[in-house]
Amino acid sequence: MIKTEIIRVNPEAPDGEALAQAAAILRQGGLVAFPTETVYGLGAVIYNRTSVQKIFTVKGRPGDNPLIVHIYREEQLHELARETSATALILARRFWPGPLTMILPKKEGIPAEVSAGLPTVAVRWPSHPVARELLRQTDRPVAAPSANLSGRPSPTRGSHVIADLDGKVEMIIDAGPTGVGVESTVLDLTSARPRILRPGGVTREMLEAVLGEGSVDAPEQVKTDRPLAPGMKYRHYAPQAPIHFMAGAPASIHRFLQGRIEEARQAGKKIGILAYDEDRSAVPSLPEVEFLSLGRRTNPAEGAERLFHLLRLCDQVGVEEIYAVAPPRTGVGEAVYNRLFKAAGGKVEEIK
Ligand code: TXA
Ligand code: MG
């Protein structure tokens, strides 16, 4: 255990002095958890090899899972990437700062720990005012995975980070809810065609609006047995209770749920139902049933913002089983679908 300094910062007008202190900790080799517009990150300066190694130990993260390097201006891209294609520059100028991570050939001098021995580096310029000011004051590239213990849902509130990392890192900056709520889009630019390794806040539609329709591959289009983003092969985002991930017409799902609710009532066991406001009327209020709203089905951004918070809530209220409705796979709904699919152990149940 170490003493973790927890500071609260206004997300709109971050206190420069507080962040100067955080930047000093990073430069001296400490670990600082900070908000980004997607999820909270656990940062270390990339050139401090022992600090980067500490990120893996603290999180319990497998050593073969590389980290994303965070920057605050475009020139830093050239410090990290051996080549920046025209496509990379176009995307950087269109989507940075923002929730897009680009995989590029890495420059020599980037410690192997950062990229887990791969010849590539993941780079992202976050848009959250606190992250930007912290990176500016640190003035070094900062490696930062999501600030959760490995396997747990990513943190989207300061309280999530405190629950996972208090006593393990030098500082936690709490600036409230993050906003987007799911992690950045990871886009591989090292092969012939750009391919999405992890869907996120910058959607395929948004990328193709810039690069041309049909020009971006989704993970399922890439034929390989090798996991692309090493992180995507591990069980992830998972609360303690098992998740049943259900796809199908709302009416069929509602009928299916009636059966599960009746079973829970008879067994006196508590279940969680992760669904949309539009589904609420199909779920009776009973002590055995916890209805967790992903917001409106018509607005996938609401579900993205709440998803990880609700998954953590499932543990807190002690549900024994979770039934999650598949989100529409449009916009950021694709990322929500992807995270729930992973949380359910890579299975989706077709409800007829
Ligand atoms: O929104 C985000 O991206 C957040 C915030 C903190 O920036 N960070 C984040 O980091 O989600 P992490 O470590 O939880 O996820 C990084 C993902 C993993 O799936 C990892 O395998 C992949 O990016 N990745 C990192 N470097 C890579 C590389 N060189 N090649 C392929 N995948 C890479
Ligand atoms: Mg993560």
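Residues numbered from 1 in each chain as written. Chains lettered and ligands numbered in written order. Predicted model: local features only at pLDDT ≥ 70, side-chain atom pairs only at ≥ 80, totals over all residues. Heavy atoms only, no water.

Draft legend 1. Quick peek at the sheet that holds strand S5 (residues 100-105). Taken together, 10 strands build an open sheet; the order of strands is S1-S8-S2-S3-S7-S4-S6-S5-S9-S10 and the sheet is mixed. Each edge of the open sheet carries a strand with a single partner, namely strand S1 (5-8) and strand S10 (195-198). Pairing between strand S9 (residues 185-188) and S10: 3 bridges, direction antiparallel. The residue bridging Leu187 from the neighbouring strand is Ile196, located in S10. Of the strands in this sheet, strand S3 (41-45) and strand S7 (142-143) touch helix H2 (residues 49-59), which is tilted by about 155 degrees from S3. Of the strands in this sheet, S1, strand S2 (32-34), S3 and strand S8 (171-174) are in contact with helix H6 (residues 158-165), which crosses S8 at around 160 degrees. (Pairing = 2+ DSSP bridges. Helix = DSSP H or I, 4+ residues; strand = E, 2+ residues; numbered from the N terminus. Contact = heavy atoms within 4.5 Å. Axes fitted to C-alpha atoms, helices over the stretch in contact; angles between N-to-C directions.)

Draft legend 2. Focus on the side chain of Ser115. Note that Ser115 resides in the loop between S5 and strand S6 (120-124). Of the residues examined, Ser115 reaches a relative accessible area of 2% and is grouped as buried. The contact partners of Ser115, leaving out residues within four places of it in the chain, are Pro66, Lys106 and Thr120. (Buried < 20%, exposed > 50% of the residue type's maximum accessible area, 1.4 Å probe, protein only.)

Draft legend 3. Fine view of the environment of Ser281. Its location among the elements puts Ser281 in the loop between strand S12 (271-275) and strand S13 (289-293). Using a relative accessible area of 75% as the deciding quantity, one classes Ser281 as exposed. Put simply, Ser281 and His254 are 27 residues apart on the chain and 9.6 Å apart in space, counted from C-alpha to C-alpha.

Draft legend 4. A look at the packing of helix H4 (residues 86-95) against helix H7 (residues 204-211). At a minimum axis separation of 11 Å, H4 and H7 run at an interaxial angle of 120 degrees. Taken as axis vectors, H4 and H7 run oblique relative to one another. For the crossing formed where H4 meets H7, the hand is right-handed. Where H4 abuts H7, its residues Thr87, Ile90, Leu91, Arg94 and Phe95 lie against Met206, Leu207, Val210 and Leu211. Considering only residue class, the contact of H4 with H7 consists of 7 nonpolar, 1 polar and 1 charged. (Parallel < 35°, antiparallel > 145°, perpendicular 65-115°, else oblique. Left-handed = near helix turned anticlockwise from the far one by under 90°. Nonpolar A, V, L, I, M, F, W, Y, C, P; charged D, E, K, R; others polar.)

Draft legend 5. The arrangement of the pairing of S6 in detail. Of all 5 residues making up S6, 5 are buried, and the element is well covered by its neighbours. Of the two faces of S6, both are covered, the one formed by Thr120, Ala122 and Arg124 as well as the one formed by Val121 and Val123. As paired strands, strand S4 (residues 68-70) and S6 are joined by 3 bridges and run parallel to one another. Bridge pairing in S6 places Val69 opposite Val123. Here S5 pairs with S6 via 5 bridges, running antiparallel. Across the sheet, the residue bridging to Leu104 is Val121, located in S6.

Draft legend 6. Representation of the domain arrangement of the protein chain. Taken domain by domain, the protein chain holds domain 1 (5-221) and domain 2 (243-350). The straight-line distance from the C-alpha centre of domain 1 to that of domain 2 is 29 Å. Taken residue by residue, the interface counts 24 residues in domain 1 and 16 residues in domain 2. If you sort the residues of domain 1 by the area they bury against domain 2, Pro153, Val182 and Pro199 come out on top, with a joint share of 32%. Counting every contact that joins domain 1 to domain 2 gives 4 salt bridges. One can count 10 residue pairs in polar contact (both at pLDDT 80 or more) joining domain 1 with domain 2. Residue composition of the side of domain 1 that touches domain 2, grouped by class: 7 nonpolar, 10 polar and 7 charged. (Domains from an automatic or database assignment. Buried area = accessible area lost by both parts, 1.4 Å probe. Salt bridge = Lys/Arg side-chain N within 4 Å of Asp/Glu carboxyl O. Polar contact = N/O pair within 3.5 Å; in protein donor to acceptor, adjacent residues only side chain to side chain.)

Draft legend 7. How the structure looks around the pairing of S3. In terms of residue burial, S3 counts as a mostly covered element, since 5 of its 5 residues are buried. The alternating pattern of S3 places Gly41, Gly43 and Val45 on one face and Leu42 and Ala44 on the opposite face, and all of these are buried. Linkage of S2 to S3, two consecutive antiparallel strands, is achieved through a turn of 6 residues. Pairing analysis gives 2 bridges linking S3 to S7, with the strands arranged antiparallel. Bridge assignment links Ala44 to a residue of S7, and that residue is Ala143.

Draft legend 8. Up close: the environment of Ser252. By secondary structure assignment, the location of Ser252 is in helix H8 (residues 250-267). Here Ser252 falls in the buried class, since its relative accessible area comes to 12%. Look past the residues within four positions of Ser252 in its chain and what remains in contact with it is Ile351 and Lys352.

Draft legend 9. Spatial organisation of the nonpolar core. Counting 63 residues, the largest nonpolar core has Leu42, Trp96, Leu100, Met102, Ile173 and Leu207 as its most contacted members. With 6 residues, helix H1 (residues 16-27) is the single largest residue contributor to this core. Not counting residues within four places of it along the chain, the set of residues in contact with Leu100 comprises Leu91, Phe95, Val123, Arg124, Ser184, Thr185, Leu187, Val202 and Leu207. Among the nonpolar cores identified, the runner-up in size contains 42 residues, and Ile261, Leu292, Ala326 and Ala344 belong to it. (Core = buried A, V, L, I, M, F, W, Y, C linked by side-chain atoms within 4.5 Å.)

Draft legend 10. Broad picture of the packing of helix H9 (residues 300-317) against helix H10 (residues 333-343). Axis separation between H9 and H10 bottoms out at 8 Å; the angle between their running directions is 35 degrees. Along this stretch, H9 crosses H10, giving a crossing that reads as left-handed. On H10, the residues that touch Pro300, Gly303, Ala304, Leu307 and Phe308 of H9 are Gly333, Val336, Arg339 and Leu340.

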